[in-house]
Amino acid sequence: MSATLLIIGGTGLIGKTIHNMLSKRDPQLKILIGTRQKDMIPKHIQIDVNNLESFESLKKHSINVIIVCTKDANNHVLNYAVKHKIDYIDITKPSNELVKAHDSIKHNLIDSKIVFSSGWMGGIAPSLLYATGILAKDIQSVKMMVYYSTKDKAGSSSADFMAHNVSKPFFFYQNNVAKQTKHFLDGEDTIFRFDNQKRKVSDFDIPDLYVFNQIEQIPNVRAKMTFDSKVVSAILPFMQKIGFFKILGFREKKWIFGGSGNGDISSFEIIYSDAASKENRIVFKCKEGQSELTAFSTVLHVEKMLENSNPKGICFSHQLHDSKKFTDLLISNKSIKID
């Protein structure tokens, strides 16, 4: 397929992985890399999302899709894409910035495809849920249980997110009422089905909370996380309860959350109930880890955007796809297993 893509943040871990996957799957694609660094590498474009003057360099290119893999808190890339009628997908926004971005343009007339894909692992959870055949109107509750391995690869953006947000309150939803909590509070025990191990999980903020409740209108939504290390799973809630994160600087907090290994299993489980309160569970496991999974999901979204089968306007990534077909595409990747 002949098209020109721009990956802003394309020199980071996720951006590089997306670039490599897209290049292998379709060598005809022209892929430009947006980076703050000034260099002479072919197909690299110097752009700083916080400097509007640097956007002038984009006008030299006929860009079909912008893929945002870096923090764009001021929505400069989003606004540029809307103004210049360029298709856009962002995979990096934390919940508060996603809400801000969506609110800023949801009443605008949009003449391109604007896709928000910042949910967990590229925003794939709703597609997995609806692939079971259940409809959003029949779902009473969704709980995301996330397993995070400290041995997995993680880009700097993950550490930045936690450093900025670990002390800030966020919302989950109970009977459509927003309830305030903080990361690592309200622990409970659960057995993860991917390995049948009992673990302590605690509150965690992911954009799926907003998507499931505010977009999909599911009344009860919560997300909780555990770590492969029981020590880490115990220490972080203790640090939150005593207010330790509040006295640390950004650098110290980033150091705490900045560990990155060489790759490990990534898994999450979706526990959902219907109107009869019958509880069901979807178990998702990727042997290649978070960065590979996020990149692969994003590649599938971008390929769907390039088909031009979706209408112009604002959508969330799961709304691009037929849920069953998308799930089939996911499991075509040999490293992914869904039960």
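Up top you'll find the structure we're talking about.
Keep in mind it's a predicted model, so treat the numbers as computed, not measured.

**Observations concerning the overall build of the chain**
Right, so step 1: Of regular secondary structure, the chain possesses twelve helices and 16 strands.
Right, so step 2: A compact globule built from 339 residues should have a C-alpha radius of gyration of about 20 Å, and the chain, at 19 Å, falls within 12% of that.
Right, so step 3: Once the C-alpha set of the chain is aligned to its principal axes, its extents read approximately 55 × 45 × 40 Å.
Right, so step 4: At a minimum sequence separation of 6, the contacts of the chain that also span at least 24 residues come to 68%.
Right, so step 5: Accessible surface computed for the chain: about 16,000 Å², of which carbon and sulfur atoms make up 49%.

**Concerning the side chain of Gln-240**
Right, so step 1: Structurally, Gln-240 can be placed in helix H8 (residues 230-241).
Right, so step 2: The class for Gln-240 is buried, based on a relative accessible area of 7%.
Right, so step 3: Engagement of the side chain of Gln-240 in a polar contact is seen with the backbone oxygen of Val-166, the distance being 2.7 Å.
Right, so step 4: If near-sequence neighbours (up to four positions away) are discounted, Gln-240 is found in contact with Val-166, Ser-167, Lys-182, His-183, Leu-185 and Phe-245.

**Thoughts on a nonpolar patch on the surface**
Right, so step 1: On the surface, Phe-238, Ile-242, Phe-244 and Ile-247 cluster together to form a nonpolar patch covering roughly 430 Å² of accessible area.
Right, so step 2: Among the secondary structure elements, Ile-242 is positioned in the loop between H8 and helix H9 (244-247).

**A few points about the packing of helix H3 (residues 95-105) against helix H7 (residues 208-215)**
Axis angle and axis distance: for two packed helices, these are the angle between their axes and the distance between the axes, and together they describe the pair.
Right, so step 1: Running from N to C, H3 and H7 point in directions that differ by 45 degrees, and their axes come no closer than 10 Å. Here H7 runs oblique to H3, going by the angle between their axes. Residues Leu-98, Val-99, His-102 and Asp-103 of H3 pack against Tyr-210, Val-211 and Ile-215 of H7.
Right, so step 2: In the contact of H3 with H7, the residues fall into five nonpolar, one polar and one charged.

**Thoughts on the sheet that holds strand S5 (residues 87-90)**
What links the strands of a sheet is backbone hydrogen bonding, and the strands pair in either a parallel or an antiparallel sense.
Right, so step 1: Overall, parallel pairing links the seven strands, which are arranged S3-S2-S1-S4-S5-S6-S15 in an open sheet. Strands with a single pairing partner mark the edges of an open sheet, and in this sheet they are strand S3 (44-46) and strand S15 (313-316). Recorded for the sheet is a direction-independent mean angle of 20 degrees between the axes of neighbouring strands.
Right, so step 2: Pairing of strand S1 (residues 4-8) with strand S4 (residues 65-68) involves four bridges; the strand directions are parallel. Note that in S4 the partner of Leu-5 across the bridge is Val-65.
Right, so step 3: Seen against the sheet, H3 touches strand S6 (113-116) and S15 and runs at an angle of roughly 155 degrees to S6.
Right, so step 4: Helix-sheet contacts for helix H11 (residues 290-306) involve S1, S4, S5 and S6, and the interaxial angle to S5 is about 165 degrees.

**Section: unusual backbone geometry**
Right, so step 1: For Asn-75, which is not glycine, the phi dihedral falls at a positive 60 degrees.
Right, so step 2: Looking at where Asn-75 falls in the secondary structure, it is placed in the loop between S4 and helix H2 (76-83).
Right, so step 3: One non-glycine residue, Gln-217, lies in the positive phi region at around 60 degrees.
Right, so step 4: Its location among the elements puts Gln-217 in the loop between H7 and strand S12 (220-227).

**Digging into the nonpolar core**
Right, so step 1: If you look at the biggest cluster of nonpolar residues, it comprises 71 residues, and the most contacted ones within it are Ile-18, Ile-67, Leu-129 and Phe-268.
Right, so step 2: By residue number, the principal contributor to this core is H11, which donates eight residues.
Right, so step 3: Discounting chain neighbours no more than four positions away, the residues touching Phe-268 are Trp-120, Met-121, Ile-124, Leu-128, Met-144, Met-145, Val-146, Ile-282, Val-283 and Phe-284.
Right, so step 4: Counting 27 residues, the second largest nonpolar core, distinct from the first, contains Ile-8, Val-49, Leu-58 and Ala-101.

**Digging into H3**
Right, so step 1: Within H3, the full set of buried residues consists of Ser-95, Glu-97, Leu-98, Ala-101, His-102 and Ile-105. On an axial view of H3, the arc spanned by its buried residues comes to 165 degrees, and they lie on one face.

**With respect to the environment of Met-145**
Right, so step 1: Of note, Met-145 is situated in strand S7 (residues 139-148).
Right, so step 2: Linking Met-145 and Ile-270, residues 125 residues apart in sequence, is a C-alpha distance of 6.3 Å.
Right, so step 3: Setting aside its immediate chain neighbours within four residues, Met-145 contacts Glu-188, Thr-190, Phe-192, Val-201, Lys-224, Ser-267, Phe-268, Glu-269 and Ile-271.

**Things to note about the state of the cysteines**
Right, so step 1: Under the definition given, this model contains zero disulfides.
Right, so step 2: Counting only cysteine sulfurs, Cys-315 is the nearest neighbor of Cys-69, a cysteine outside any disulfide, at a range of 17 Å.
Right, so step 3: Cys-69 supplies the cysteine sulfur nearest to Cys-286, a cysteine that is in no disulfide, at a spacing of 17 Å.

**Considering the environment of Ile-110**
Right, so step 1: Turning to its location among the elements, Ile-110 is positioned in the loop between H3 and S6.
Right, so step 2: We classify Ile-110 as buried; its relative accessible area is 15%.
Right, so step 3: For the pair Ile-110 and Lys-312, spaced 202 residues apart in the sequence, the C-alpha separation amounts to 6.8 Å.
Right, so step 4: Excluding anything up to four places from it in sequence, Ile-110 contacts Val-82, Ile-105, Lys-312, Gly-313 and Ile-314.

Cut-offs applied
Residues numbered from 1 in each chain as written. Predicted model: local features only at pLDDT ≥ 70, side-chain atom pairs only at ≥ 80, totals over all residues. Heavy atoms only, no water. Helix = DSSP H or I, 4+ residues; strand = E, 2+ residues; numbered from the N terminus. Rg over C-alpha atoms; globule rule 2.2 N^0.38 Å. Contact = heavy atoms within 4.5 Å. Areas by Shrake-Rupley, 256 points an atom, 1.4 Å probe, with all protein chains shown as cover. Buried < 20%, exposed > 50% of the residue type's maximum accessible area, 1.4 Å probe, protein only. Polar contact = N/O pair within 3.5 Å; in protein donor to acceptor, adjacent residues only side chain to side chain. Patch = residues over 30% accessible without salt bridge, like charges linked within 9 Å, V, L, I, M, F, W, Y side chains within 5 Å. Salt bridge = Lys/Arg side-chain N within 4 Å of Asp/Glu carboxyl O. Axes fitted to C-alpha atoms, helices over the stretch in contact; angles between N-to-C directions. Parallel < 35°, antiparallel > 145°, perpendicular 65-115°, else oblique. Nonpolar A, V, L, I, M, F, W, Y, C, P; charged D, E, K, R; others polar. Pairing = 2+ DSSP bridges. Core = buried A, V, L, I, M, F, W, Y, C linked by side-chain atoms within 4.5 Å. Arc of directions from axis to C-beta. Disulfide = S-S within 2.5 Å.

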